[in-house]
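Read off the chains here:
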Amino acid sequence: MDADVADAGAANASWRLEDFVDSLVVELDKTRETLAVKALNRPLSYTVRELALDLNIFPSYDGDEVTFLTAQPGQQGASKVTIQLGTITDQQVRATTKAPAAKGEVTIEQADLDKTTKKKLRRIGVTSAGDLKTIERKNVDIEQVEDGIDYRKLANQIEKSKRAKAPPVVRSASLEADDEARPTLVIAGDRLAINPRFAPVAVIDGELAEVLSSSPDEIRVRVGDARRFARSAELVLTVDPFAVMRVNLQDRKDAP
Amino acid sequence: MDEAFRPLSTTLLDFAGHSPVIGGEAWGQRLTMTGLEIASPIELDVSRGADGRLRIGTTPPLYPLMTTVAPVFHRLSIRAAIAEREEDEDGR
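Not measured: the values here are computed from a predicted model. (Residues numbered from 1 in each chain as written. Chains lettered and ligands numbered in written order. Predicted model: local features only at pLDDT ≥ 70, side-chain atom pairs only at ≥ 80, totals over all residues.)

Draft legend 1. Layout of the overall build of chain B. Helix and strand counts for chain B come out as 1 helix and 6 strands. Along its sequence from the N terminus, chain B presents helices and strands in the succession β-α-β-β-β-β-β. Looking at chain B residue by residue over its 92 residues, the buried ones come to 27%. (Helix = DSSP H or I, 4+ residues; strand = E, 2+ residues; numbered from the N terminus. Buried ≥ 20, exposed ≤ 12 C-beta atoms within 10 Å, placed from the backbone.)

Here it is, written out as structure tokens:
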């Protein structure tokens with residue numbers, strides 16, 4: 001087996017319990033699949049209902065996680081760990097399994113958080129932004145449970161990661177006249193003003209400009225003097241606290 | 001994985017892959033083993049593959065003799081039962 005040849009240098013690797021159990025489950029699944037195929041042509045066959053492994057191992061803790069090393073021939077004084085796997089019904093799977101993260105939801109792994117915070121969150125069972133919202137809804141002071149976890153700071157960091165996954169996109173910018181024939185800059189795009197708690201702020205060449213209306217696909221800004229676009233003008237558009245766009249605009253006389 | 005070891009699934013299939021029916025015409029009767037429980041000492045070789053996944057190599061005790069370097073025996077226990085058979089489209 002080629003993979004086994006590649007393994008030769010990685011003999012007696014240290015392992016984390018969850019990695020070992022994952023591999024154990026894969027092996028058990030392979031066994032069950034093979035037995036299920038055999039069962040197609042045999043009136044009676046076995047299925048493995050339970051599996052247990054008593055392991056002699058040496059645990060070690062590096063201050064971050066516990067890993068194990070399988071005892072090798074000649075080694076004494078190993079600890080004993082028993083891993084038991086049993087069959088689980090569909091109903092039990094539904095009752096004990098958390099639904100996967102919804103589309104677009106930011107998981108803690110994806111969020112721009114430091115390793116310690118991620119570890120603290122995992123310890124209290126928080127794996128997604130949704131979990132954090134559930135804790136907030138139940139009015140739990142998360143800092144009482146885990147020191148150094150500030151809900152507001154976390155929520156902002158997660159919101160930032162979420163925005164980074166779905167950034168605003170500018171498709172076009174055009175100058176139009178409003179009802180009173182005043183020049184208005186119309187920025188069209190995708191995912192522009194998506195935060196209802198924040199009104200976009202526009203600055204043109206360092207001057208604050210009035211945002212007339214905003215929606216996810218269009219932002220209208222009062223320009224004042226349209227002649228400023230004869231030369232390149234810089235528009236800085238803050239659509240929410242986590243999305244700031246800087247666009248250079250110049251009037252194109254030859255445009256259709 | 002050391003060549004003396006083989007994947008855990010292969011060992012499990014050796015334990016539980018045979019037919020539960022014993023006997024036949026030559027015996028004059030048939031017996032069905034409705035369950036199976038095996039507990040066996042095994043030697044383990046845990047290595048990490050190129051894909052990062054752990055590979056669990058197993059073997060029954062390699063040497064039926066006293067050896068200079070004492071092997072480490074772990075213990076594998078399985079319980080198998082006759083699979084419930086779903087009827088196929090032909091009702092078999």
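Draft legend 2. Summary view of the overall build of chain A. Scanning chain A for helices and strands turns up 7 helices and 11 strands. Counting the 256 residues in chain A, one finds 18% classified as buried. Summarising the internal contacts of chain A: among those between residues at least 6 apart in sequence, 48% fall at separations of at least 24. (Contact = placed C-beta atoms within 7 Å.)

Draft legend 3. A look at the confidence of the model for chain A. Confidence in the prediction of chain A, expressed as mean pLDDT, is 79, and 85% of residues score 70 or more. Residue range residues 1-9 of chain A is modelled with pLDDT below 50. Its contacts to residues more than four positions away, or to other chains, number 9 contacts. (pLDDT = per-residue confidence, 0-100.)

Draft legend 4. Region of the structure containing the interface of chain B and chain A. Taken together, the contact between chain B and chain A spans 40 residues of the former and 40 residues of the latter. Of all the secondary-structure elements, those providing two or more residues to the side of chain B that touches chain A are helix H1 (8-16), strand E4 (35-48), strand E5 (54-59) and strand E6 (74-82) of chain B. Looking at the side of chain B that touches chain A element by element, the count peaks at 9 residues for E6(B). For the side of chain B that touches chain A, the residue count by class is 24 nonpolar, 8 polar and 8 charged. Strand direction decides the pairing type here: strand E1 (residues 46-61) of chain A and E6(B), joined by 8 bridges, are antiparallel. Each bridged residue has a counterpart across the sheet, and for Glu50(A) the counterpart in E6(B) is Arg79(B). (Nonpolar A, V, L, I, M, F, W, Y, C, P; charged D, E, K, R; others polar. Pairing = 2+ DSSP bridges.)

Draft legend 5. Structural context of the environment of Gly17(B). Positionally, Gly17(B) belongs in the loop between H1 and strand E2 (21-24). The class of Gly17(B) is partly exposed, set by 15 C-beta atoms lying within 10 Å. Sequence separation of Gly17(B) and Ala80(B) is 63 residues, and the distance between their C-alpha atoms is 9.9 Å. Here Gly17(B) is in contact with Leu35(A) and Lys38(A), once residues within four sequence places are set aside.

Draft legend 6. Seen up close, the sheet that holds strand E4 (residues 169-177) of chain A. Residues and elements named next belong to chain A. Taken together, 4 strands build an open sheet; the order of strands is E4-E5-E9-E8 and the sheet is antiparallel. Across the chains shown, the open sheet's two edge strands, defined by having one partner strand only, are E4 and strand E8 (211-215). Between one strand axis and the next, the sheet turns by 15° as a mean value, whatever way the strands run. Here E4 pairs with strand E5 (residues 183-190) via 8 bridges, running antiparallel. Along E5, the bridge assignment pairs glutamate 176 with threonine 184. (Axes fitted to C-alpha atoms, helices over the stretch in contact; angles between N-to-C directions.)

Draft legend 7. Examining unusual backbone geometry more closely. All names here are of chain A. Of note, the phi angle at arginine 191 is positive, near 50°, even though the residue is not glycine. As for its position among the elements, arginine 191 is in the loop between E5 and strand E6 (201-204). Residue arginine 191 is classed as partly exposed on the basis of its C-beta count, with 14 C-beta atoms lying within 10 Å.

Draft legend 8. Fine view of the packing of helix H5 (residues 129-137) of chain A against helix H7 (residues 151-165) of chain A. All names here are of chain A. Axis separation between H5 and H7 bottoms out at 11 Å; the angle between their running directions is 150°. Judged on the interaxial angle alone, H7 and H5 are roughly antiparallel. For H5 against H7, the interelement crossing comes out left-handed. On the side of H5, the interface is formed by Ala129, Leu132 and Glu136, while H7 contributes Tyr151, Leu154, Ala155, Ile158 and Lys162. Class assignment of the residues belonging to the contact of H5 with H7 gives a composition of 6 nonpolar, no polar and 2 charged. (Parallel < 35°, antiparallel > 145°, perpendicular 65-115°, else oblique. Left-handed = near helix turned anticlockwise from the far one by under 90°.)

Draft legend 9. Geometry of the environment of Ala78(A). Looking at where Ala78(A) falls in the secondary structure, it is placed in the loop between strand E2 (66-70) and strand E3 (79-86). It is 5.4 Å that separates the C-alpha atoms of Ala78(A) and Asn56(A), two residues lying 22 residues apart in sequence.

Draft legend 10. View of the pairing of strand E10 (residues 233-240) of chain A. All names here are of chain A. The pairing of E6 with E10 spans 4 bridges and is antiparallel. Among the inter-strand pairings, valine 203 is bridged to a residue of E10, identified as valine 236. With 7 bridges joining them, E10 and strand E11 (residues 243-249) adopt antiparallel strand pairing. In the sheet register, aspartate 240 faces E11, and the bridge partner there is alanine 243. Where E10 folds back onto E11 in an antiparallel hairpin, the turn is made up of 2 residues.

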